[in-house]
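An overview of the molecular structure
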Amino acid sequence: MAVVITSLILFLIGLAVGGGGIWLVTLGGSWYYVIVGLAFLVAAWLLYRRRSTALWLYAAIVLGTLAWAVWETGFDWWELGPRGGIIVLVALWLLTPWARRGLAGPDGRAPLILAVLASLAVAGYSMTTDPKDIAGELNTDKVTPTADLGGNVPAGEWHYYGRTQYGQRYSPLDQITAENVANLQPAWTYRTGDVKGPDDIGETTYQVTPLKIADTLYICTPHNFAIAIDAASGKEKWRFDPQVKLNKDRQHQTCRGVSYYADAKVAAGQPCATRIYLPTSDARLIALDAANGQVCPTFAEGGTLNLLANMPYPKPGYYYSTSAPLIVANKIIVGGAVNDNYSTQEPSGVIRAYDADTGALLWNWDSGNPDQTTPLPPDQTYTNNSPNMWSTASVDEKLGLLYVPLGNKTPDQLGAGRSANDEKFSSSITALDLNSGQLRWVRQTVHHDLWDMDVPAQPTLVDITTESGVVPALVGPTKQGDLYVLDRRSGEPIVPVKEVPAPGGAIEGDHTSPTQPVSDLSFSPKPLTGADMWGITMFDQLACRIELRKLRYEGRYTPPSLQGSLIYPGNFGTFNWGGVAVDPVRQVMFGMPTYLAFVSKLVPRADVPPPGDTKGSEQGLNRNDGAPYAVILKPFLSPLGIPCQAPPWGYVAGADLRTGKIVYKHRNGTVYDMTPLPLPFKVGVPGIGGPMITAGGVAFLGAAVDDYVRAYDLTTGKQLWQARLPAGGQSTPMTYTVADGRQLVVIVAGGHGSVGTKPGDYVMAYTLPK
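Attention in this report is confined to the structure presented alongside it. Because the structure is a prediction, the values reported are computed rather than measured.

**Brief notes about the overall build of the protein**
Within the protein one finds eight helices and 42 strands. Against the compact-globule benchmark of 27 Å for 770 residues, the protein has a radius of gyration of 28 Å, which places it among compact chains. Its C-alpha atoms give the protein principal-axis dimensions of roughly 100 × 65 × 55 Å. For the protein, buried positions account for 62% of its 770 residues. The long-range fraction of contacts in the protein, counting pairs at least 24 apart against all pairs at least 6 apart in sequence, stands at 64%. Computed over 60 positive and 66 negative side-chain charges, the inter-centroid distance for the protein is 8 Å.

As structure tokens, then:
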């Protein structure tokens, strides 16, 4: 009976693999599955007929699969395992007495044992090596010992989202080093009480980076509470609730940070001498007294600024600030998020500068009307759907330049009818005059963006030593993985940028750019092939190969299509809002490139189900009301719900900004919180969040979809320490000192709705033992 059941199993495997293989071949894919499927069917017949030649044939299947797998992937365990796992398990079963009972003919155990041993030897070796790892060491030289950190921020404090106006996410503190970081222990834990609730509809995320001024931390929460915390003890000092109501049209329920301002015209100790500005998800900006959380009534209208003023189509939930405004030279620089792919009638992506004392509008820069920067009169509106800054700007006060990361015009995947200004400013880094808002230069990172490749992160400012001397530079990470290293005076590249041919063939009425810019410092992945498809087993891997062949895919910048196009890297981004951290002394960077493919499929308006029709709506449908097409955007996943492309999906990486070279790149994170069982396998998982660097030579990062915060040796990228978090750590760590001299590292752990990490409300602080 065991022989019959075994032969039936072989027959079913052969039928599934062979049938799928025939489908794959008709799509132009690998012949392996047809061949091995046929071999399984013959082996099933031989076993059913009690022929020992079944074992000889199965040994050939094992060895053939082994050779094919190594030829396709090299000695990468995570790619070899799915190809051979089931085949080797069946081989081990065939070696048992029950599976061989009654077989006639030459004994086939020896060749099958040799085949299994060869497979185990290759598996064992592949577990000791990683062909996708890049090992190296960043320079340890203090290239610029007195580097410009961007403003007069005390060493033990953190005054801006990126610590200073330059957005470096670098601290000059050096108490915690690569030698002692493994001794970090919890200092305190604070809970905000703001956790994702059953009434939350959209993406609720906890992405805040705290500020630290004097002895106090300042944070905001997803539902826009502003909270002050004692920096040494973690005890709450005050909180403010802006009473933000939930809205089903709000795409993101989040707050990445608050802003700090000291009013030089108000005596210390007087009401509102220092202020915290709170952006809310219902499009307000509220001024609070940093000392007690009371509203500052002299700002704007009773302490509240209405950010929907002069907006076209001011629909609730369609526009709001998710990121901390930048405050510089008594000006509050405010951008905002405009919902992606909701409608052709949405608010503007205008950038505005307000008086930090009064809330009066000083200038406005609308990418749809870039020359008119004087404040609009009340009866006029900004340009609808124009490219927006949903992240945070950076500034060089000495040059008088503001650096704005701009997103794409929405609807993001439809380019027909865009204006000349849309084409110029979408997905660009743009420099504006700080005092007037006038355009100074623009560097576009994607031409005619059809992929939602916003410039997602705050540009980082750093001075870089070149052959021509020290150059004031800007480092701009992008979703497609390019890092633009530019002269921030002019926008001209320091690290070369070239134009490369790009795929054509947009839908009727649209077009593609014949070329796209690519930086020489790029973390963009190589194009996917069938060999890059992955699965837990050979079956779901085969399914992914078939799906790849069914989609339109011609490499990076394949345009969206009615057929469905593979977009890689996807709009989740190689880099997202967390950006990179830069050490201005060593002139090196540390980041977390992430690799996830997405599917982009256009849906004709006639085929779009009516609003509210959940049964007729496919997962990932974005309606684009008013446009001729809706778009389905979703990750490229296997039938088991895991990425179809092989891991790693996430790395930590270091690069030398002087040479423009990637020095190291290591898998980051485990599947501990991705699988039913808590498996600590270091596959290299995706994440979203930002890193921080300290002068102690340590980089800190949460972000990955396993719930850990980690410390790395900045020089090598080697992990030195990790701590388990009570919820997802999709935020950016920061560091500071307290009165007794201790250096603390703080990260917020509250989870992220889009990546599915555990929600929470934690602020976690760590320090060295006393």
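**Focus: the pairing of strand 5 (residues 216–220)**
The element strand 5 is extensively covered by neighbouring structure, given that five of its five residues are classed as buried. Bridge analysis of strand 4 (residues 211–213) against strand 5 gives three bridges, and the strand direction is antiparallel. In the sheet register, isoleucine 213 faces strand 5, and the bridge partner there is threonine 216. Connecting the antiparallel pair strand 4 and strand 5 is a turn made up of two residues, with alanine 214 showing a positive phi of about 55 degrees. One ladder, built from five bridges, connects strand 5 with strand 6 (residues 226–230); its direction is antiparallel. Paired with cysteine 220 across the two strands is alanine 226, which belongs to strand 6. Counting the residues that bridge the hairpin from strand 5 to strand 6 gives five residues, and of these asparagine 224 lies at a positive phi of roughly 70 degrees.

**Here we look at the pattern of salt bridges**
Under the definition given, this model contains 35 salt bridges. A salt bridge links arginine 489 to aspartate 487, with the shortest nitrogen-to-oxygen separation between them at 2.8 Å. Of the charged contacts in the structure, one is a salt bridge between aspartate 532 and lysine 526, with a shortest N-O distance of 3.2 Å.

**Concerning the state of the cysteines**
Note on terminology: disulfide describes a covalent bond linking the sulfur atoms of two cysteines. On inspection of all chains with the given rule, the structure shows three disulfides. One disulfide in the model links cysteine 272 with cysteine 296; its S-S distance is 2.0 Å. On the sign convention where negative is left-handed, the bridge of cysteine 272 and cysteine 296, at about -105 degrees about the S-S bond, is left-handed. One end of the pair, cysteine 272, is in the loop between strand 9 (259–262) and strand 10 (274–279); the other, cysteine 296, is in the loop between strand 11 (284–289) and strand 12 (304–306), with 24 residues separating them in the sequence. The pair formed by cysteine 272 and cysteine 296 is uniform in burial state, with each residue classed as buried. Should the bonded cysteines of the protein be numbered as they appear in the sequence, the pairing reads 1-2, 3-4, 5-6.

**Concerning the pairing of strand 38 (residues 708–713)**
Among the six residues that make up strand 38, six are buried, leaving the element largely enclosed by the rest of the structure. Side-chain alternation along strand 38 places Tyr708, Arg710 and Tyr712 on one buried face and Val709, Ala711 and Asp713 on a second face that is also buried. Between strand 37 (residues 698–701) and strand 38, which follow one another and run antiparallel, lie six residues, and alanine 703 among them has a positive phi close to 70 degrees. Sheet topology note: the strand 38/strand 39 (residues 719–724) ladder contains five bridges and is antiparallel. Bridge pairing links tyrosine 712 to glutamine 719 in strand 39. A loop of five residues connects strand 38 with strand 39, the two strands running antiparallel in sequence, and glycine 717 in this loop sits at a positive phi of about 80 degrees.

**Comments concerning the environment of glycine 64**
Mapped onto the elements, glycine 64 comes out in helix 3 (residues 53–73). By relative accessible area, glycine 64 is classed as partly exposed at 36%. Taking C-alpha positions, glycine 64 is 9.4 Å from alanine 115, a pair spaced 51 residues apart along the chain.

**Details of the packing of helix 3 against helix 4 (residues 77–94)**
Between helix 3 and helix 4, the shortest axis-to-axis distance is 10 Å and the interhelical angle comes to 165 degrees. In terms of their interaxial angle, helix 3 and helix 4 are classed as roughly antiparallel. Note on packing geometry: the crossing formed by helix 3 with helix 4 is left-handed. Between helix 3 and helix 4, the contacting residues are Leu55, Tyr58, Ile61, Val62, Thr65, Trp68, Ala69, Val70, Glu72 and Thr73 on the first element and Glu79, Leu80, Arg83, Gly84, Ile86, Ile87, Val90, Ala91 and Leu94 on the second. Residues that form the contact of helix 3 with helix 4 fall into these classes: 13 nonpolar, three polar and three charged.

**Overview of the sheet that holds strand 30 (residues 588–591)**
Taking strand neighbours across the sheet as the criterion, the four strands line up as 29-30-34-35 in an open arrangement whose pairing is antiparallel. Two strands in the sheet have a free side with no partner beyond their single neighbour: strand 29 (581–583) and strand 35 (661–667). Strand-to-strand, the axes of this sheet are offset by a mean angle of 15 degrees, without reference to chain direction. The pairing of strand 29 with strand 30 spans three bridges and is antiparallel. Looking at the pairing, aspartate 583 lines up with valine 588 of strand 30.

**Digging into helix 4**
For an α-helix, 3.6 residues make a turn, and residues three or four places apart therefore share a direction. Relative to the 26 Å expected for 18 residues at 1.5 Å per residue, helix 4 spans 24 Å between its end C-alpha atoms, a close match to the ideal helical length. The sharpest bend along helix 4 reaches about 50 degrees and sits at glycine 84. Against the buried residues of helix 4 lie helix 1 (2–26), helix 2 (32–48), helix 3, helix 5 (97–100), helix 6 (109–126) and helix 8 (538–550). Sitting at the head of helix 4, aspartate 76 places a side-chain oxygen 3.1 Å from the backbone nitrogen of tryptophan 78.

**Some remarks on a nonpolar patch on the surface**
A cluster of nonpolar side chains, Met1, Val4, Ile5, Ile9, Trp45 and Tyr48, forms an exposed patch at the surface whose accessible area comes to about 660 Å². Where the nonpolar patch is concerned, the elements lending two or more residues are helix 1 and helix 2. The dominant element in the nonpolar patch, judged by the number of residues it contributes, is helix 1, at three residues. Here methionine 1 shows up in the segment before helix 1.

The rules behind these values
- Counting starts from 1 at the beginning of each chain's written sequence and moves along it residue by residue.
- Only residues with pLDDT of at least 70 get local features here, since the model is predicted, and only at 80 or more are side-chain atom pairs given and counted; chain-wide, interface and lining totals rely on the full set of residues.
- Only hydrogens and water are removed before side-chain values are computed, so all heavy atoms of the structure are retained for them.
- Helix and strand labels come from DSSP, where a helix needs a run of H or I of at least four residues and a strand needs a run of E of at least two; each type is numbered from the N terminus.
- The reference for a compact globule is 2.2 Å times residues^0.38; the radius of gyration itself is calculated from the C-alpha atoms.
- Burial classes follow relative accessibility: with a 1.4 Å probe on protein chains only, a residue under 20% of its type's maximum area counts as buried, one over 50% as exposed, and anything between as partly exposed.
- The criterion used for residue contact is that any of the two residues' heavy atoms lie within 4.5 Å.
- Here Asp and Glu are counted as negative and Lys and Arg as positive; His is not counted, and neither are the chain ends.
- For the purpose of locating charges, the reference atoms are NZ of Lys, CZ of Arg, CG of Asp and CD of Glu.
- By definition, two strands form a pair when at least two bridges between them are found by DSSP.
- Each salt bridge in this description consists of a side-chain nitrogen of Lys or Arg and a carboxyl oxygen of Asp or Glu lying within 4 Å of one another.
- The disulfide definition used here is simple: a pair of cysteine sulfur atoms within 2.5 Å.
- Orientation is described by lines fitted to C-alpha atoms, with helices fitted over the stretch in contact, and by angles between N-to-C directions that extend from 0 to 180 degrees.
- Roughly parallel means an angle under 35 degrees; roughly antiparallel, over 145; roughly perpendicular, 65 to 115; everything else is oblique.
- By definition, any crossing whose near helix is turned counterclockwise from its far helix by less than a right angle is left-handed, and any crossing with a clockwise turn is right-handed.
- Only Asp, Glu, Lys and Arg are considered charged in this grouping, and only Ala, Val, Leu, Ile, Met, Phe, Trp, Tyr, Cys and Pro are considered nonpolar; every other residue, Gly among them, is considered polar.
- Expected span of a helix, by definition, is 1.5 Å for each gap between consecutive residues, and there is one gap fewer than residues.
- Bend at a given residue is defined as the angle between two axes, one fitted to the seven residues that end at that position and one fitted to the seven that begin there.
- Polar contacts, as counted here, are pairs of nitrogen or oxygen atoms within 3.5 Å of one another; within protein the pair requires one atom able to donate a hydrogen and one able to accept it, and residues that are adjacent in sequence qualify only if both atoms are side-chain atoms.
- Here the term patch refers to residues with relative accessible area over 30% and no salt bridge, with like charges joined within 9 Å and nonpolar side chains (Val, Leu, Ile, Met, Phe, Trp, Tyr) within 5 Å.
- Surface accessibility follows the Shrake-Rupley procedure with a 1.4 Å probe radius. Residue values consider only the protein chains on display as shielding.

No statement about biological role is implied by the geometric values presented.
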